[in-house]
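Here is what each chain is made of, one letter per residue.
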Amino acid sequence: MENNLQVRFRSFGQYGIYLAFLIICLVLAFSTPRFFTVSNLLTIGNQVSINALLAFGVTFVIITGGIDLSLGSMVAVTGVVAATFAHPDTYPVIVPIVIGLGAGLGIGAFNGFVVTKSKVPPFIVTLGTMTIGRGLALILSKGRPVSNLSDSFNFIGGGNVLGIPFPIIILIVAFIVCSILLNKTILGRYMYAVGGNEPAARASGIRVNNVKMWVYTICGILSAMGGILLTSRITTGQPNAGAGFELDAIAAAIIGGTSTSGGTGTMTGTLIGALLIGVISNSLDLLNVTSYYQQVVMGVIIIGAVVLDSMGKKS
Amino acid sequence: MPILQVSNLTKSYSGIKALDNVQLTLKSGEVHALMGENGAGKSTFMKILIGLIPADSGEIILEGKKLTGSRVNDIQRKGISMIHQEIMSIPELTVAQNIFLGREKEITGSQTGWLNDGKIRQRATALLEEMGVTISPDIKMKYLSVAQMQMVEIAKAISNNAKVIIMDEPTSAISDKEVAMLFNIIRNLKAKGVAIIYISHKMDEIFKISDTITVLRDGKYIGTKGASELDERELIHMMVGREIGSMFPESNIEKGREILSVKNLGKRNSFAEINFSVRAGEILGIAGLMGAGRTEIARAIYGLDKPDNGSIYLDGEEISIQSPDDAIKYGIGYVSEDRKGLGFIPQMSVQGNLSLGSLSKHKKGIFINANSEESVTAEMAGNLRIKSSGLAQKVTTLSGGNQQKVVIGKVLLSSPKVIFLDEPTRGVDVGAKFEIYKLIHQLAAEGMGIIMISSELPEILGLSDRIMVLSKGKQTAMLSREVATQELIMKFAVE
Ligand SMILES: Nc1ncnc2c1ncn2[C@@H]1O[C@H](COP(=O)(O)OP(=O)(O)OP(=O)(O)O)[C@@H](O)[C@H]1O
Ligand SMILES: [Mg+2]
């Protein structure tokens, strides 16, 4: 027999992460008047967009019980590749976009191929790809930033449509597509099955390797979207860009309730996770917390949010 | 004075009562069988006793003292231990290390953090010897069979000075010889005054080992009787609340064309020279002792393992099966004996699991047609009488027998022409067994070919048209229904 408070805490903890997000937003709204302004909220959305795209991708992978550490490197490679084809008066803007996305698709498919064919744990495979990718980015750019990009390319990361930053529009579209993919399609259902119990999924006639190929490839494409966005925003293809992005993306997914052991997770959760990280760093800026302290505070809040969430899940 | 007295125990899950005012009186030195259909609340009751889940209300009195607010560890120390169905041990540690896990300091009397594996080993050796078990204390847990792991769990309970030991379906995955060994140990424990609560769906066992029987139905207490006051029919009546006629439906199903045939199938270290065929409407039983290669044959045909040689023909044409999805496409289904490992996805709902093998039938482009998925799975759940609070209930919160029905339903939904049923009634109560037998007959009547692997000879004899007997990976007999008897099957099974 447990006490009432524990029970109550649990049922409230089911929505732990949403509540944590709400509470933090409310506190910020009261403590910094500038937080709840349209322009600040748009800034946050804009800042969050790249991490959210990567986090959506890695959510698919984690749901199947895998992991992808090569996100940050894919951002760099795809950014550099896209930038190379994005100089003014060379190709129409669709060309760098398609080639960039193609590069992400290729690297993602490579991850999927090695993971399914070699039986080497995805942690190791994608760690390798992370290094390879970084190297490729440096080789392709000869170690120098690729600058002088066309205006239409720079619109992707810097433009506005009806006052809304274009990256936010991309973010919303990607979120909707990813949610539908996960919840309404056969492939999405199979992802949960593979992560939940791989041998049983196989015995049910699911082609487990196909499902894994798909998730790593999708993750590669979303990383490429992140890479193109970033390149366009900073108007240069940076071979050193994106270092460490994988950790933020994985953190967003896990804060959002995706279990690292596979089989559970939602896109909404991941979106909230990414927003939570974005809101915290934005507000620490607003509160003039120096960047050294920011990191400490960020870590504490992340752990706190996940503890809250896991308390809700314990039955 | 009873050693354990439970009264007015109640537990609900989201408004539905899993246990409703249940009572139990346990005397020391008795084997007390707890009986009831799937979902009657037996496991829930036991989990409350050992402190794994809290009750809503009720009283538990152990040796005259009320048990309150206790955790699993405290309760174990106070003398109640449970031999779980899914055995919880650390595979990489040795038997001795597992037995005394968490109590290393007590055993060695040392106050420092230094391990004294020698002493732990000594204690374990003495303990296992006393039980009359021949398991080396130094072997790693992962090399043991299910039965041996159970013995280790029992050793652990004894070393905890257990006064009450709960066994939840302990014989569902072990061989007859091992059952005999387990019963010997139970008798020894009884002689020492330990009380055993014994849960099983195997009727013959219950009458062999138990002194007293308590029956639950739909979470309610039905009654307690001495085992000698009851016969099987009366007990079944108490459990299901109605008469069940003959377990095996009478039928004369017309046999059709040959659907599946297997020639000279072999796999190194598992089985060799296996030849059989099954016709539409036919039920082929496969009998043999545990480890005779029955499951391995089914796995090889279904594409879970690769056979080394031999050929498989479907409707007269040779086919090659590389993986289960090939097998399903050809119309071969497999209900595994390993429900947890190969049967279902624990995070998913009843519906998600039921439809998992047949989603391609609910395809709208790349999307799932939710309406057709729901109506088809609801119909199957109804046909199989799966007891749940709804299709959205998580499969892991169903009772064991109902989980089994979900797995069978999943395979049936992929509309197989021929189906392997590997221990289809393991952990299933009498009422549901009867339903599954009826279902098997119905499927055969619809023209499905059925291959049923079972360790329960009455089931094999009652249902099969022909019986293939295996011994150590070799096919030793193919008996027709007319000539087959228990004795004959056993003779060929040990050949
Ligand atoms: N966590 C849970 N959430 C919801 N319902 C539950 C949960 N645990 C158990 N139940 C329900 O309680 C009822 C009793 O289940 P229990 O496992 O005790 O049955 P049982 O008698 O052990 O059956 P079996 O013989 O099949 O093992 C079932 O209807 C089950 O669905
Ligand atoms: Mg049970």
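Note that the coordinates shown come from a computational prediction; the quantities given were computed from them, not determined experimentally.

Novice: Looking at this model, I keep getting lost on the overall build of chain A. Mind explaining?
Specialist: Each helix and strand in chain A was counted, giving 14 helices and 2 strands. The globule rule puts the C-alpha radius of gyration for 315 residues at 20 Å, and the 20 Å found for chain A is close to it. Judged by the C-alpha coordinates and their principal axes, chain A covers about 70 × 55 × 35 Å. Looking at chain A as a whole, 52% of its 315 residues qualify as buried. Summed over its atoms, the accessible surface of chain A is roughly 14000 Å², and 69% of this surface lies on carbon and sulfur atoms.

Novice: So what exactly am I meant to see when it comes to the interface of chain A and chain B here?
Specialist: By a widespread convention, an interface's size corresponds to the accessible area lost as its parts come together. Listed per partner, the contact involves 24 residues of chain A and 32 residues of chain B. At the boundary of chain A with chain B, total buried surface from both sides reaches about 2200 Å², with 61% on carbon and sulfur atoms. Linking chain A with chain B are 2 salt bridges. Between aspartate 325 of chain B and arginine 207 of chain A there is a salt bridge, with the nearest N and O atoms lying 2.7 Å from each other. Here chain A and chain B share 12 residue pairs in polar contact (both at pLDDT 80 or more) between them. Those elements giving two or more residues to the side of chain A that touches chain B turn out to be α8 (166-184), α9 (186-196) and α10 (198-203) of chain A. When residues in the side of chain A that touches chain B are grouped by element, the largest group, 6 residues, is from α9 of chain A. In the side of chain A that touches chain B, the residues fall into 11 nonpolar, 8 polar and 5 charged.

Novice: How do you make sense of the site of ligand 1 when you look at a structure like this?
Specialist: All names here are of chain B. Of all residues adjacent to ligand 1, which total 18 residues, the nearest are Asn38, Lys42, Ser43, Thr44 and His201. Within the side chain of serine 43, one N or O atom sits 2.7 Å away from an oxygen atom of ligand 1. Threonine 44 is positioned such that a nitrogen or oxygen atom in its side chain is 2.5 Å from an oxygen atom of ligand 1. In the complex, 82% of the free accessible area of ligand 1, which totals 640 Å², lies under the protein chains. Those elements that place two or more of their residues in the shell around ligand 1 are α1 (42-49) and α15 (400-413). The leading source of residues in the shell around ligand 1 is α1, at 3 residues. Its residues placed into classes, the shell around ligand 1 shows 4 nonpolar, 11 polar and 3 charged. Both domains that meet at the shell around ligand 1, namely domain 1 (4-240) and domain 2 (258-493), each give it at least three residues.

Novice: Can you walk me through the confidence of the model for chain A in this structure?
Specialist: It should be kept in mind that the predicted coordinates are not to be read in detail where pLDDT is low. Looking at chain A as a whole, the pLDDT averages 90, with 93% of positions reaching at least 70. Counted against residues more than four places away or in other chains, residues 1-13 of chain A, with its pLDDT under 50, gives 17 contacts.

Novice: In this structure, what is going on with the sheet that holds strand β14 (residues 309-314) of chain B? I would like to understand it.
Specialist: The strands making up a sheet associate through backbone hydrogen bonding, with each pair oriented either parallel or antiparallel. Residues and elements named next belong to chain B. Spatially, the 4 strands line up as an open sheet ordered β12-β11-β14-β15, and their pairing is antiparallel. Because the sheet does not close on itself, it has two edges, and the strands there are β12 (271-279) and β15 (317-319). The mean inter-strand angle of the sheet, taken between neighbouring strand axes irrespective of direction, is 20 degrees. Across 6 bridges, strand β11 (residues 258-267) lies against β12 in antiparallel orientation. When the bridges of β12 are listed, leucine 260 appears paired with valine 278.

Novice: Just checking my understanding: could you explain a nonpolar patch on the surface for this structure?
Specialist: All names here are of chain A. A surface patch of nonpolar side chains, amounting to about 470 Å² of accessible area, comprises Phe110, Ile132, Leu136, Ile139 and Leu140. The greatest single-element share of the nonpolar patch, amounting to 4 residues, is contributed by helix α6 (residues 122-140). With respect to the element layout, leucine 140 can be found in helix α6. For leucine 140, a relative accessible area of 45% puts it in the partly exposed group.

Novice: Got a minute to help me understand the environment of valine 161 of chain A in this structure?
Specialist: Here valine 161 of chain A is to be found in strand β1 (residues 160-161). Each residue touching valine 161 of chain A, except ones within four places of it in the same chain, is listed here: Phe155, Phe166 and Ile169 of chain A.

Novice: When you look at the sheet that holds strand β21 (residues 466-471) of chain B in this model, what are you seeing that I'm missing?
Specialist: Residues and elements named next belong to chain B. Pairing is mixed in the open sheet, where 6 strands are placed in the order β16-β19-β20-β13-β21-β22. Each edge of the open sheet carries a strand with a single partner, namely β16 (332-335) and β22 (474-480). Ignoring strand direction, the axes of neighbouring strands in this sheet form an average angle of 20 degrees. Bridge count for strand β13 (residues 283-288) against β21 is 5 bridges, and the pairing is parallel.

Novice: Would you mind showing me how to read the packing of helix α3 (residues 38-63) of chain A against α8 of chain A here?
Specialist: A pair of packed helices can be characterised by two numbers: the angle between their axes and the separation between those axes. Residue and element names in this part refer to chain A. Between α3 and α8, the shortest axis-to-axis distance is 8 Å and the interhelical angle comes to 25 degrees. With respect to each other, α3 and α8 are oriented roughly parallel. The two elements α3 and α8 cross, and the hand of that crossing is left-handed. Residues Leu42, Gly45, Asn46, Ser49, Ala52, Leu53, Phe56, Phe60 and Ile63 of α3 pack against Pro167, Ile168, Ile170, Leu171, Ala174, Phe175, Cys178, Leu181 and Leu182 of α8. Within the contact of α3 with α8, the residues separate by chemical class into 15 nonpolar, 3 polar and no charged.

Novice: When you look at the packing of aromatic side chains in this model, what are you seeing that I'm missing?
Specialist: Given two aromatic rings, their pairing is described by the distance between the two centres and the angle made by the two planes. Summed over the entire model, instances satisfying the criterion amount to 6 aromatic pairs over all chains. For the ring pair phenylalanine 85 of chain A and tyrosine 91 of chain A, a centre distance of 5.7 Å and an interplane angle of 50 degrees mean the geometry is tilted. When its relative accessible area of 26% is taken as the criterion, phenylalanine 85 of chain A is described as partly exposed. Here the aromatic rings of tyrosine 302 of chain B and tyrosine 334 of chain B are separated by 5.4 Å at their centres, their planes lie at 45 degrees, and the arrangement is tilted. Of the two residues, tyrosine 302 of chain B is situated in helix α10 (residues 294-302) and tyrosine 334 of chain B in strand β16; the sequence distance between them amounts to 32 residues. Tyrosine 334 of chain B shares its class with tyrosine 302 of chain B; the two are buried. A cation over a ring is seen here: lysine 263 of chain B above tyrosine 313 of chain B, with NZ or CZ 4.6 Å from the ring centre. Lying over the aromatic face of phenylalanine 492 of chain B, lysine 491 of chain B brings its terminal NZ or CZ to 4.6 Å of the ring centre.

Novice: In this structure, what is going on with helix α18 (residues 486-493) of chain B? I would like to understand it.
Specialist: Think of an α-helix as turning once every 3.6 residues; residues three or four places apart then point the same way. Residue and element names in this part refer to chain B. Here α18 has its buried residues at Ile489, Phe492 and Ala493. Buried positions in α18, seen along its axis, are confined to an arc of 105 degrees and lie on one side of it. Contacts from the buried residues of α18 go to β13, α17 (457-463), β21 and β22.

Novice: What exactly am I supposed to notice about the domain arrangement of chain B here?
Specialist: Residues and elements named next belong to chain B. Considered domain by domain, chain B is made up of domain 1 (4-240) and domain 2 (258-493). A separation of 31 Å is found between the C-alpha centroids of domain 1 and domain 2. Of the roughly 1300 Å² buried between domain 1 and domain 2 on both sides combined, carbon and sulfur atoms contribute 55%. For the pair domain 1 and domain 2, the interface holds 1 salt bridge. Residues aspartate 218 and lysine 387 are paired through a salt bridge, measuring 3.7 Å at the closest nitrogen-oxygen approach.

Novice: I'm lost on the pairing of strand β19 (residues 418-422) of chain B in this one. Help?
Specialist: A regular strand places its side chains so that they alternate between the two faces of the sheet. Residue and element names in this part refer to chain B. Here β19 lies mainly inside the structure; 5 of its 5 residues are buried. Alternating residues of β19 divide into Val418, Phe420 and Asp422 and Ile419 and Leu421, and every residue in both groups is buried. Relative to β19, β16 runs parallel, the two sharing 4 bridges. Bridge pairing in β19 links tyrosine 334 to phenylalanine 420. Relative to strand β20 (residues 449-453), β19 runs parallel, the two sharing 5 bridges. Within β20, the position partnered with aspartate 422 by the bridge is isoleucine 453. For the handedness criterion, the β-α-β arrangement of β19, helix α16 (residues 430-445) and β20 is classed as right-handed.

About the criteria used
Residues numbered from 1 in each chain as written. Chains lettered and ligands numbered in written order. Predicted model: local features only at pLDDT ≥ 70, side-chain atom pairs only at ≥ 80, totals over all residues. Heavy atoms only, no water. Helix = DSSP H or I, 4+ residues; strand = E, 2+ residues; numbered from the N terminus. Rg over C-alpha atoms; globule rule 2.2 N^0.38 Å. Buried < 20%, exposed > 50% of the residue type's maximum accessible area, 1.4 Å probe, protein only. Areas by Shrake-Rupley, 256 points an atom, 1.4 Å probe, with all protein chains shown as cover. Contact = heavy atoms within 4.5 Å. Buried area = accessible area lost by both parts, 1.4 Å probe. Salt bridge = Lys/Arg side-chain N within 4 Å of Asp/Glu carboxyl O. Polar contact = N/O pair within 3.5 Å; in protein donor to acceptor, adjacent residues only side chain to side chain. Nonpolar A, V, L, I, M, F, W, Y, C, P; charged D, E, K, R; others polar. Near = heavy atom within 4 Å. Domains from an automatic or database assignment. pLDDT = per-residue confidence, 0-100. Pairing = 2+ DSSP bridges. Axes fitted to C-alpha atoms, helices over the stretch in contact; angles between N-to-C directions. Patch = residues over 30% accessible without salt bridge, like charges linked within 9 Å, V, L, I, M, F, W, Y side chains within 5 Å. Parallel < 35°, antiparallel > 145°, perpendicular 65-115°, else oblique. Left-handed = near helix turned anticlockwise from the far one by under 90°. Phe/Tyr/Trp six-rings, centres within 6.5 Å; stacked < 30°, edge-to-face > 60°. Lys NZ or Arg CZ within 6 Å of the ring centre and 35° of its normal. Arc of directions from axis to C-beta. Right-handed = clockwise from strand over helix to strand, strands pointing away.

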